Amino acid sequence: MGTELAAAAALLRAATDVTLLAHVNPDADALGSALALAIALRARGARVRVSFASPARAPDALRRLDPGGLVVPAAEVPAVPPLLVVLDCGTVGRLGALADRVAATIAAGGRVLVVDHHLGNTRFGTDHLVDETAEATAILVLDLLDELGVTLDAAIAACVYAGIVTDTSSFRRATARTHRVAARLLDAGVDAAALTRDLMDSHPFPWLRMVSAALGRAELVPDAADGLGLVRTVVYSSDVDGVRPEDVDSVIDLVRATAGAEIAAVAKELAPGRWTVSLRAVGAVDVRAVAERLGGGGHRLAAGFTARGSAEDVLASITNALG
Ligand code: MN
């Protein structure tokens, strides 16, 4: 870790042009991590840009992390950036349509720094700051900023805080060290109440009807996973009128609160017959292994996959994969 950190910092210290990429459908950890580094590097005089392959625009709540307008559309990412920093991606595929930039940069003799905390990161770059025990990529970014001697300002601290608060479920799963990090970020000027309300607790009114429909059709399968129990539901395209993609993500957090279910699953309809499925576990089951059996990936307690077929087929595939 120490060597990786020093090497990553040296790379950034020498850089004059840095392209920072987050995974598709960026969350607060991916985009917050990219923006925290980008703001600091720009202040040091580097040319920087932040991007992700899709969707076309960052979620509303994440746009407040970018007051300086550092996020550019995917089409404006150089074909062969001299230095690429890839954040919060366990595999190159998580970059979606921007994944080709990795091979192009390496082929041209450029460097690709991968900063990530996903279990089983495939180390697809030339340089890596990968720590699977870190609770968020943003924690690793803060280590990097400290190594670079960056003084935290409120904008940088907000980006780091956003990544940590979301990836630790509001500090419920945060270590003592991470709580101390949070204190530092508050000292640097983060308005935690306003930021977390925007990030996690604010939804348009149609969200209530979507949640109502999704929870109304939830089922408890007590026998699943050798009796550990599964709770599952479906969100249909017809439920999400007036609802943003990030609003749908809240359904799994409600469903997983079910007592008597080790595992929670929410299948969201992307298009007729096309699904994205979120899986969560309380602690006893490795849902990443389950997701991998179904072509996806993630973390031990939070994973996902995409699938085709009917809602019944997709839900049955989960029960089967649980054994
Ligand atoms: Mn993360």
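Residues numbered from 1 in each chain as written. Predicted model: local features only at pLDDT ≥ 70, side-chain atom pairs only at ≥ 80, totals over all residues. Heavy atoms only, no water.

1. Quick notes on the overall build of the chain
Step number 1: Tallying secondary structure elements over the chain gives 14 helices and 11 strands in all.
Step number 2: Scaling as 2.2 N^0.38, a compact globule of 323 residues should have a C-alpha radius of gyration of about 20 Å, and the chain matches this with 20 Å.
Step number 3: If you line up the chain on its principal axes, its C-alpha atoms span 55 × 40 × 35 Å.
Step number 4: Sequence separation of 24 or more characterises 64% of the internal contacts of the chain that already satisfy a separation of 6 or more.
Step number 5: Surface summary for the chain: the accessible area is close to 13800 Å², and the carbon and sulfur share equals 52%.
Step number 6: Both charge centroids of the chain, one from 30 positive and one from 38 negative side chains, sit 3 Å from each other. (Helix = DSSP H or I, 4+ residues; strand = E, 2+ residues; numbered from the N terminus. Rg over C-alpha atoms; globule rule 2.2 N^0.38 Å. Contact = heavy atoms within 4.5 Å. Areas by Shrake-Rupley, 256 points an atom, 1.4 Å probe, with all protein chains shown as cover. Lys, Arg positive; Asp, Glu negative; His and termini not counted. Charge placed at Lys NZ, Arg CZ, Asp CG, Glu CD.)

2. Remarks on the environment of Ala108
Step number 1: Mapped onto the elements of the fold, Ala108 is located in the loop between helix 4 (100-107) and strand 4 (111-116).
Step number 2: Look at Ala108 and you get exposed, because its relative accessible area is 55%.
Step number 3: In the structure, Ala108 is positioned 28 residues away from Val80 in sequence and 7.3 Å away in space, judged by C-alpha atoms. (Buried < 20%, exposed > 50% of the residue type's maximum accessible area, 1.4 Å probe, protein only.)

3. As for the packing of helix 5 (residues 137-148) against helix 6 (residues 154-167)
Step number 1: Where helix 5 contacts helix 6, the two axes come as close as 8 Å, and the packing angle between them is 150°. The orientation of helix 5 relative to helix 6 falls into the category roughly antiparallel. On helix 6, the residues that touch Ala138, Ile139, Leu142 and Leu145 of helix 5 are Ile156, Val160, Gly163 and Ile164.
Step number 2: Here the residues of the contact of helix 5 with helix 6 sort into 7 nonpolar, 1 polar and no charged. (Axes fitted to C-alpha atoms, helices over the stretch in contact; angles between N-to-C directions. Parallel < 35°, antiparallel > 145°, perpendicular 65-115°, else oblique. Nonpolar A, V, L, I, M, F, W, Y, C, P; charged D, E, K, R; others polar.)

4. A short note on the packing of helix 6 against helix 7 (residues 176-187)
Step number 1: Running from N to C, helix 6 and helix 7 cross one another at 150°; their axes reach a closest spacing of 9 Å. When the axes of helix 6 and helix 7 are compared, the pair comes out roughly antiparallel. Considering the relative orientation of helix 6 and helix 7, their crossing is left-handed. Where helix 6 approaches helix 7, its residues Ala157, Val160, Tyr161 and Ile164 are matched on the opposing element by Thr178, Val181, Ala182, Leu185 and Leu186. (Left-handed = near helix turned anticlockwise from the far one by under 90°.)

5. As for the pattern of salt bridges
Step number 1: Under the criterion given, the structure shown has 15 salt bridges.
Step number 2: In this structure, Arg244 and Glu246 form a salt bridge, with 3.7 Å as the shortest nitrogen-oxygen distance.
Step number 3: Arg244 gets classed as partly exposed once you look at its relative accessible area, which sits at 22%.
Step number 4: What makes Glu246 partly exposed here is its relative accessible area of 23%.
Step number 5: What you see here is one network of salt bridges that share partners, running through Asp60, Arg63, Arg244, Glu246 and Asp247. (Salt bridge = Lys/Arg side-chain N within 4 Å of Asp/Glu carboxyl O.)

6. What to know about helix 2 (residues 28-43)
Step number 1: For helix 2, with 16 residues, the first-to-last C-alpha span of 22 Å sits near the 22 Å given by 1.5 Å per residue.
Step number 2: Of all 16 residues making up helix 2, 14 are buried, and the element is well covered by its neighbours.
Step number 3: Of the residues one or two after helix 2, Gly45 is the one with positive phi, at around 105°. (Expected span 1.5 Å × (residues − 1).)

7. Focus on the environment of Leu199
Step number 1: In this structure, Leu199 sits in helix 8 (residues 192-200).
Step number 2: The spacing of Leu199 and Arg64 is 135 residues in sequence and 9.7 Å in space, taken between C-alpha atoms.
Step number 3: In contact with Leu199, other than residues within four places in its own chain, are Ala28, Ala61, Leu62, Ala162, Val165 and Thr166.

8. Quick notes on the sheet that holds strand 11 (residues 302-308)
Step number 1: Taken together, the 6 strands give an open sheet; going across it, the order is 6-7-8-9-11-10, and neighbouring strands pair in mixed fashion. Each edge of the sheet is formed by a strand with only one pairing partner; in this case those strands are strand 6 (219-221) and strand 10 (297-298).
Step number 2: Here strand 10 runs beside strand 11; their pairing, made up of 2 bridges, is antiparallel. When the sheet's bridge partners are listed, Gly297 is paired in strand 11 with Gly304.
Step number 3: Its contacts with the sheet place helix 14 (residues 311-322) against strand 7 (230-235), strand 8 (263-271), strand 9 (274-281) and strand 11, and it is angled at close to 155° to strand 7. (Pairing = 2+ DSSP bridges.)

9. Side note on the sheet that holds strand 4
Sheet strands pair by backbone hydrogen bonding; their relative direction is either parallel or antiparallel.
Step number 1: The strand order across the open sheet built from 5 strands is 2-1-3-4-5, with neighbouring strands paired in parallel fashion. Unpaired on one side and paired on the other, strand 2 (47-51) and strand 5 (127-130) mark the two borders of the sheet. Each strand axis lies, on average, 15° off the axis of its neighbour in the sheet, ignoring direction.
Step number 2: Of the strand pairs in this sheet, strand 1 (residues 17-22) and strand 3 (residues 83-87) are connected by 4 bridges, and their pairing is parallel. For Ala22, the partnering residue across the bridge sits in strand 3 and is Leu87.
Step number 3: Packed on one face of the sheet, helix 2 meets strand 1, strand 2 and strand 3 and runs near 170° to strand 2.

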